[in-house]
Amino acid sequence: QVQLVESGGGLVQPGGSLRLSCAASGFTLNYVAIGWFRQAPGKAREGVLCISMGGGSTNYADSVKGRFTISRDNAKNTVYLQMNSLRPEDTAIYYCAARYSQCASETDKYNTWGQGTQVTVSS
């Protein structure tokens, strides 16, 4: 019953923007931390941003500082990743994940994962 579904990925030109959504079901966001992760071809999955059950955010990737922001809409039970000034190196599959604890950058500390959504930044 616990499920996360990502959406909003696609093809965007360098410098463009994209907003990803992570819709949660089976639990409320007030009781979990939600992290955004990404995995580029040939690279390990890395943490990007996380929002805690209290609403605070933590950044885990220096390369996205000032460009990406995480937010949530409790009424819609959805977490968002706003991505601005996109670069080709941002190309990856983006995943959201839930953890019944504090935010963490390690993938193995999260309990539930979405299926991922592809983001491609190219001209």
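To start, this report covers the structure provided alongside it. (Residues numbered from 1 in each chain as written. Predicted model: local features only at pLDDT ≥ 70, side-chain atom pairs only at ≥ 80, totals over all residues. Heavy atoms only, no water.)

## A few points about the sheet that holds strand S3 (residues 18-25)
Point 1. Pairing is antiparallel across the open sheet formed by four strands, whose spatial order is S1-S3-S8-S7. Edge positions in the sheet fall to strand S1 (3-7) and strand S7 (68-73), since each has one partner strand and no second. Adjacent strand axes in the sheet meet at a mean angle of 20°, parallel and antiparallel pairs treated alike.
Point 2. As defined by bridge partners, S1 adjoins S3 across five bridges and the pair is classed as antiparallel. Directly across from serine 7, in S3, lies its bridge partner serine 21. (Pairing = 2+ DSSP bridges. Helix = DSSP H or I, 4+ residues; strand = E, 2+ residues; numbered from the N terminus. Axes fitted to C-alpha atoms, helices over the stretch in contact; angles between N-to-C directions.)

## Section: the pairing of strand S4 (residues 33-39)
Regular strands show a simple pattern: their side chains alternate between the two faces of the sheet.
Point 1. Counting buried positions along S4 yields six of seven residues, so the element is predominantly enclosed.
Point 2. Pairing between S4 and strand S5 (residues 46-51): five bridges, direction antiparallel. Paired with phenylalanine 37 across the strands is glycine 47, a residue of S5.
Point 3. If you look at the hairpin formed by S4 and S5, you'll find six residues sitting between the two strands, and glycine 42 has a positive phi there, around 75°. (Buried < 20%, exposed > 50% of the residue type's maximum accessible area, 1.4 Å probe, protein only.)

## Section: the state of the cysteines
Point 1. Going through the model one piece at a time under the given rule, you end up with two disulfides.
Point 2. Covalently, cysteine 22 is tied to cysteine 96 through a disulfide, its sulfur atoms 2.1 Å apart. On the sign convention where negative is left-handed, the bridge of cysteine 22 and cysteine 96, at about 75° about the S-S bond, is right-handed. Here the residue cysteine 22 occupies a position in strand S3, and cysteine 96 occupies one in strand S9 (residues 92-99), the gap between them amounting to 74 residues.
Point 3. One disulfide bridge connects cysteine 50 with cysteine 103, the sulfur atoms lying 2.1 Å from each other. The sign of the S-S torsion, about -85°, decides the handedness of the disulfide formed by cysteine 50 and cysteine 103: left-handed. Placement of cysteine 50 in strand S5 and of cysteine 103 in the loop between S9 and strand S10 (112-113) is noted, with a sequence separation of 53 residues between them.
Point 4. A relative accessible area of 18% places cysteine 103 in the buried class.
Point 5. For the chain, numbering the cysteines in disulfides from first to last along the sequence yields the connectivity 1-3, 2-4. (Disulfide = S-S within 2.5 Å.)

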